[in-house]
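Report on the structure
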Amino acid sequence: MADRPIRYRYAGKAAQGFQRFAASKPPEFLIGLYRSMLRIRRIEEAIERRYREDQMKTPIHLVIGQEGTAVGCCAALRHADLLYTSHRTHGGYLAKGGDLRAMLCEMHCRVNGCVGSRGGSMHLVDKRVGMAGTSAIVGGAVPIATGAALAAQMKGEDRVVVTLIGDATTEEGVTSESLNFAALRGLPIVFFCENNFYSVQSPLDVRQPPRSIRAWAESHGMAACTVDGVNVLAVREATSAAVARARAGEGPTFIEAEVYRFRAHGGAGDDSHTGYRAVAEREAWEAVCPIAIFGGYLTSAGLLGDAAVAEMEGRIADEIDEAFAFALASPYPTEADLLRHVYAE
Amino acid sequence: MPWDEGLVNSLVYDRPDPGEGRVMSYVGAINEALTIALDSDPSVLVLGQGVDDPSAMFGTTRGLQDRFGLRRVFDTPLSEEAMMGVSAGAAMNGMRPVYMHNRPDFVLLAFNQLVTHAPKFHFMDNGQTTVPMVVWAAIGRGWGSGAQHSQAIHGMLLGVPGLKIVMPSTPHDAKGLLLAAIMDNNPVCVFEHRWLMKKDGVVPERPYRVPIGKGICRRRGRDLTIVGASHAIELGAQAAALLASEGIEAEVIDLRTIKPLDESIVLESLHRTGRLLVVDTAWATGGVCAEVGCLAAEKGFRDLKAPVGRVGLPDAPAPAGFTLEQFYYPDAPRIAEAARGLMRA
Ligand SMILES: Cc1ncc(C[n+]2csc(CCOP(=O)(O)OP(=O)(O)O)c2C)c(N)n1
């Protein structure tokens, strides 16, 4: 079958985009961002590889290709700030500092999973680090996050709330309603939209008219910007500005970041060959992999060498192996667990 | 073939004539019903998220857009409430939309239109407007679907006057009930259990309708009556086979339509067996189990030799992990055990 035409092209500056942001940052900080993205990639790859063994009986939505947004965004947050996500939880959970063992236990349906095997991949929560909640219903977490921002504002807490949403999430009425309320009350919230151009297998242009998502958001009466989603530094910078505005009581911000998922909407592997998007489109985006281009930049700037990368890879691999072994050795829930927490005490 | 001749005069029958029809899959039967409806009536529309994507709504919509065009078979924005209202508005003005959902939970976003608008207009305007629309949803447990992707919403809808709800259990009924639903001048919900999608059965090729509001006896027995619909019939039949090996003869009544309920088929069977066990894939509380149980108490009281039994989900949200799922979902042995209990009572 002939490939489809390319619909969505990368519009950023790739590696040329880093210099502007990197100059003022300490090397450890930059390397830390790289490590964080690489770690998420390797964890996702390990999940993907082992998924076929059928030990993780949970529907997964991988973030491979979208590491720059989760990491850049969370790098602008404090421990006390809260993150709410949709079904695509892995990136946000890990970038916010969620526990890897508890995540893998959850994916393996073990009783010591981060939510006791009740939620699986779509419901990764670690409240200790501000990974506050998720929803498997698209748009479901948006008003919840808005409510969290209302609570922070009313209680006078120095806390900003971020919600990671997709392009299709902006089509849900509740998202408009939440933006309206957040703008109305000047709430300390950042709506961070990862525009990966597809909702499952439906492209953006059969779902939305040709106007930008940013412009749509702006019409709700809030600050809105676009950012290159494969540039972790640009994402971090845009989120920092939005968070600073929220902390200063200047209200919500909407950020639109164009990114691409390198894998299928759900499950392991890519599904471009089924014909809903061009294989060449995915390949063009893979050429601007957020990790590879940042790594290339750091190397050319003399901040990262082969030995350092090898050491990083080794540590990450050890951590992943250990966490998988831990998960696989963990106990399953029993029937007595089923009816717990239907009601709060 | 114009709608009013082709389908109005089409056969209305309970089961295929022996010798008529071919063995085909449940999904194929739905596809055939949609094809017949689109072909015979230009006012029929098929819409829903991903109806034209490579997975084609479990395959039920495969090929329809190629054959009937983008204007009549189309993908939608991720806007369930709006699209439900759009369907109702189009139905009120001469169209017959079939709005499809791949999970029941997504219908919940549209309850305002489905509950408070679509089934009310005909009553509210004193019969001037009709709302001939079909809301189709794949329901039931998936694999690790958890609390937000497998909710059994049919019970919640039983208390909504003006709605009809059908739940086929065989490919034959999937075709015949869908055609009946599309022809009906009211909003009709068609709920198809995910676990039935891969079943095969005999399906006549020509157009026919299975009457809405009429149940069918799937198995004769003198000792007790097992009542249900959809996938519960398969479980009930398995339980009946287990019981038969112990000398207990269970009758299995397939409701096919859960609203309006075929009261007489239940009461007539109860009159003969004296024992009633209601089985549902939803919560036992407040749904089909509760309603049929109440029917027996109200109108079959004198026939009851034992208390009414019900087998449904416990009063807890669905867990995602597979061990917890096993404790949560009823199976044939559990139904058989409940039946033995009624025999002892
Ligand atoms: C209300 C609702 N409708 C439909 C779905 C099915 N669904 C799950 S994820 C998804 C795509 C969402 O796209 P987007 O918001 O852009 O996020 P992405 O998956 O691209 O990260 C859809 C349609 C759902 N979970 N919730």
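**Structural notes on the interface of chain B and chain A**
- Tallying the contact residues gives 31 residues for chain B and 36 residues for chain A.
- A buried area of about 2,600 Å², summed over both sides, lies between chain B and chain A, and 64% of it is on carbon and sulfur atoms.
- Here chain B is connected to chain A by seven residue pairs in polar contact (both at pLDDT 80 or more).
- Considering every element that reaches the side of chain B that touches chain A, the biggest residue donor is helix α12 (residues 322-328) of chain B, with five residues.

**What about the site of the ligand?**
- The environment of the ligand is formed by 21 residues, the closest being A:His87, A:Arg88, A:Ala136, A:Thr169 and B:Glu80.
- The environment around the ligand is built from residues contributed by chains A and B.
- In the environment of the ligand, a nitrogen atom lies 2.9 Å from a nitrogen or oxygen atom belonging to the backbone of A:Val138.
- Burial of the ligand by the surrounding chains reaches 94%, relative to a free accessible area of 580 Å².

**Some remarks on the side chain of A:Arg277**
Residues and elements named next belong to chain A.
- Tracing the sequence through the fold places Arg 277 in the loop between β8 (253-258) and α10 (279-286).
- In terms of polar contacts, Arg 277 uses its side chain to reach the side chain of Ser 272, at 2.9 Å.
- Setting aside residues up to four positions removed in sequence, Arg 277 forms contacts with Asp 3, Arg 4, Tyr 198, Tyr 260, Arg 261, Phe 262, Arg 263, Asp 270, Ser 272 and Arg 282.

**So, the state of the cysteines**
Residues and elements named next belong to chain A.
- In the structure shown here, the tally under the stated rule is zero disulfides over all chains.
- Residue Cys 109 stays outside any disulfide, its sulfur separated by 11 Å from that of Cys 105, the closest cysteine.
- Since its relative accessible area comes to 2%, Cys 109 is described here as buried.

**Focus on the pattern of salt bridges**
Residues and elements named next belong to chain B.
- Applying the stated criterion to the full structure yields 45 salt bridges over all chains.
- In this structure, Arg 218 and Asp 173 form a salt bridge, with 2.8 Å as the shortest nitrogen-oxygen distance. Of this pair, Arg 218 sits in strand β11 (residues 216-219) while Asp 173 sits in helix α8 (residues 171-183), and the two are 45 residues apart along the sequence.
- Its relative accessible area of 28% is what places Arg 218 among the partly exposed residues.

**Some words on the side chain of A:His61**
Residues and elements named next belong to chain A.
- On the secondary structure map, His 61 appears in the loop between α2 (27-51) and α3 (67-74).
- A relative accessible area of 8% places His 61 in the buried class.
- Not counting chain neighbours up to four residues away, the residues in contact with His 61 comprise Glu 44, His 87, Arg 88, His 90, Ser 121, Met 122, His 265 and Gly 266.

**Some thoughts on the nonpolar core**
- Formed by 100 residues in total, the largest nonpolar core has its most connected members in A:Ile47, A:Met103, A:Leu233, A:Phe254 and A:Phe294.
- Per element, the largest residue contribution to this core is eleven residues, and it comes from α2(A).
- Those residues in contact with A:Phe294 that lie beyond four places of it in its chain are A:Phe18, A:Leu30, A:Leu33, A:Tyr34, A:Met37, A:Val232 and A:Leu233.
- With 44 residues, the next largest nonpolar core counts B:Met84, B:Ala91, B:Phe111 and B:Leu163 among its residues.

**Some thoughts on the packing of aromatic side chains**
- The full count for this structure, using the stated rule, is 14 aromatic pairs over all chains.
- Note on A:Tyr10 and A:Trp285: the rings are 5.5 Å apart at their centroids and 75 degrees apart in plane angle, and the pair reads as edge-to-face. Of this pair, A:Tyr10 sits in the segment before α1 (19-22) while A:Trp285 is found in helix α10, placing the two residues 275 residues apart along the sequence.
- Overall, the relative accessible area of 1% leaves A:Trp285 in the buried class.
- Arranged with centres 5.6 Å apart and planes meeting at 55 degrees, the rings of A:Phe197 and A:Trp285 form a pair that is tilted. Here A:Trp285 lies in helix α10 and A:Phe197 lies in the loop between β4 (189-195) and β5 (198-199), a separation of 88 residues in the sequence. Taken as a pair, A:Phe197 and A:Trp285 share a single burial class, namely buried.
- Counting every residue linked through ring pairs, the aromatic cluster contains A:Tyr8, A:Tyr10, A:Phe197, A:Tyr198, A:Tyr260, A:Tyr276 and A:Trp285.
- One residue, A:Arg50, lies across the ring of A:Phe324, its end atom 3.9 Å from the ring centre.
- The aromatic ring of B:Phe322 is capped on one face by A:Lys57, whose charged end is 5.3 Å from the ring centroid.

Cut-offs used in this document
Residues numbered from 1 in each chain as written. Chains lettered and ligands numbered in written order. Predicted model: local features only at pLDDT ≥ 70, side-chain atom pairs only at ≥ 80, totals over all residues. Heavy atoms only, no water. Contact = heavy atoms within 4.5 Å. Buried area = accessible area lost by both parts, 1.4 Å probe. Polar contact = N/O pair within 3.5 Å; in protein donor to acceptor, adjacent residues only side chain to side chain. Helix = DSSP H or I, 4+ residues; strand = E, 2+ residues; numbered from the N terminus. Near = heavy atom within 4 Å. Areas by Shrake-Rupley, 256 points an atom, 1.4 Å probe, with all protein chains shown as cover. Disulfide = S-S within 2.5 Å. Buried < 20%, exposed > 50% of the residue type's maximum accessible area, 1.4 Å probe, protein only. Salt bridge = Lys/Arg side-chain N within 4 Å of Asp/Glu carboxyl O. Core = buried A, V, L, I, M, F, W, Y, C linked by side-chain atoms within 4.5 Å. Phe/Tyr/Trp six-rings, centres within 6.5 Å; stacked < 30°, edge-to-face > 60°. Lys NZ or Arg CZ within 6 Å of the ring centre and 35° of its normal.

Interpretation note: all reported values are geometric properties and have no functional meaning in isolation.
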